[in-house]
Amino acid sequence: MARRSPKPVSKSPSVRVDPTLARAIELLNAGRHADAQELVDKVVKARPKDAAAVRIKGLVEMRRGRYDDAERWLTKASKLDPRNPMTPLDRAALHKLRGRYPEMVASCREALRKNPGHRAAESMLARALESAGELESALEHIRSVGSRRALDPDIGDALVTVLDLLGRDEEALEAADGLLAAKGVPAPIRRRTGLRRGRILERRGELDAALDSWESAQKELPVTFDPDGFDRRLDQVAAAMPAPEAANAWQAASESSAAPEGTRPIFIAAMPRSGTSLLERMIAAHPSVVGIGEAAMVTETIREHRELLGDDQMLGLLKADRETTARLRLEAARRARELAGDTPYAISKHLQNWMHLPTIGRWFPSAPVVRLVRDPAATAISIFGQDLPADRMPWVTSLEWIGRVLATERRFVELVRPKLVNPWITVAFEDLLQRPEPETRRLLGELGLPFDEGCLAHHLAESTTSRSGAQRFMPTLSLHQVRRPIDPTLAHRGGAWSGRMDAFHRGFDERAS
């Protein structure tokens, strides 16, 4: 699952924000996290008991992926201003990022105790109950809100989601149609609702209607994408990678100069909707592995040091000197340690791992790469029907563009693979579905891990789905799907769409040829 773009930071209604903090919020919402931190740190140093500054400091740390620090600062902000209803919502957002759904529910309820009827808190509570698997409670909460006032679009969309997950298709479709017919519904919510409506129709076997719903939904957001430019840039990156002999030298240098990492990363390199959530859960069900989902271990490190890398950061990473490379590598390793704690291995399923294979190879040359592949048509239709972030990946809104990018991804991986020294393991999603035990034994063996029966019961590994479960998994679009046992029929999803994929094949076959 792709992680959605963070919502803009809101200003507390009970606290007057000074100009410096207002500017820090602007920078934070613009993705300039390091610049925002520089400003807010000055205010916190001068006024350590300023609740607004302390809260924003916590939000900066949260956006930078430093969740332990974020929790400490937000807890402090809550103590400094216990009446502020926004801080519990901030903590709820942090709990969601950490996969702590019961705690997310508790924080939302705390916000509503402080400010009864707060619309954002009511909507977030519905999402929290849904994420925690408390679907009947979520439905009861939404209907309670609806008995007092008309549902806002966001909580109306949550109603569609909950009814869908409960298997109440007719009610879900009725709620979706009502929301889509309403005036003033923001385009992102119209898109999300239309996509879910299409998935319900697909499940009912109404494929033409499902495709129509997806096509209408994907047109809600105006986006542009240059597939030729995308291809050229990745070809340049692949051509700029050094030969394997140089990679071996980098490996020796990085291992001799770096401090002990404590946590060894494992990277899944694959397209979205190709089974990454299932694979992550199966491996992370092992007691020696923790799943860090789509946490931006590599990309956030790059973002925060983009001034060192030039306009094209991917090429800049390949040209960076050893001192800069070691510095960035250690920072990324620290992120992995914070996310994984004392667990020996952390497995990342970030959606851009495949694009960052050259960087992964330079920073972590000993880290295993698990190359996950799935039938292209099945991957394409799954991408097209999901609410993936169109702001960061505009190509997900068109089947033809999806085809182009799927072919580009395969070509790029083929070009960079011979230049990497990382241990490389290839897994086919269909094999994982149809032969889970032998594939899991093989995969764990190649990772150097002993077989563990828990890996075959991935759906019980999460703490919210089993009393024995100990894992907290990061949010993913496949959250509810991977809480269920493996469904072997998913291996044949692409075949059902064989006569309706002309647009996909135009893009895929053009690039592949």
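The preceding data block contains the structure.
Residues numbered from 1 in each chain as written. Predicted model: local features only at pLDDT ≥ 70, side-chain atom pairs only at ≥ 80, totals over all residues. Heavy atoms only, no water.

Caption draft 1: A look at the packing of helix H1 (residues 19-29) against helix H3 (residues 51-63). Relative to each other, H1 and H3 sit at 15°, their axes nearing to 11 Å. Looking at the two axes, H1 sits roughly parallel to H3. Here the hand of the crossing between H1 and H3 comes out left-handed. Touching Leu21, Ile25, Leu28 and Asn29 of H1 are Ala52, Ala53, Ile56, Leu59, Val60 and Arg63, all from H3. For the contact of H1 with H3, the residue count by class is eight nonpolar, one polar and one charged. (Axes fitted to C-alpha atoms, helices over the stretch in contact; angles between N-to-C directions. Helix = DSSP H or I, 4+ residues; strand = E, 2+ residues; numbered from the N terminus. Parallel < 35°, antiparallel > 145°, perpendicular 65-115°, else oblique. Left-handed = near helix turned anticlockwise from the far one by under 90°. Contact = heavy atoms within 4.5 Å. Nonpolar A, V, L, I, M, F, W, Y, C, P; charged D, E, K, R; others polar.)

Caption draft 2: Highlighting the sheet that holds strand S5 (residues 424-428). The parallel open sheet is built from five strands, whose spatial order is S2-S3-S1-S4-S5. Strands with a single pairing partner mark the edges of an open sheet, and in this sheet they are strand S2 (289-291) and S5. Averaged over all neighbouring strand pairs, the angle between strand axes comes to 25°, with direction disregarded. As judged from the three bridges shared by S2 and strand S3 (residues 345-348), these two strands associate in the parallel manner. Pairing of valine 290 across the sheet is with alanine 346, part of S3. Packed onto the sheet, helix H15 (residues 276-284) meets strand S1 (264-269), S2, S3 and strand S4 (369-373) and runs at close to 150° relative to S2. (Pairing = 2+ DSSP bridges.)

Caption draft 3: Broad picture of helix H10 (residues 169-181). Over its 13 residues, H10 extends 18 Å from the first C-alpha to the last, a length consistent with the 18 Å expected when each residue adds 1.5 Å. Of all the residues in H10, the buried ones are Asp169, Ala172, Leu173, Ala175, Ala176 and Leu179. Along the axis of H10, the buried positions cluster into a sector of 165°, meaning they face one direction only. Exposed residues pointing more than 90 degrees away from the buried face of H10 are listed as Glu170, Glu174 and Ala181. (Expected span 1.5 Å × (residues − 1). Buried < 20%, exposed > 50% of the residue type's maximum accessible area, 1.4 Å probe, protein only. Arc of directions from axis to C-beta.)

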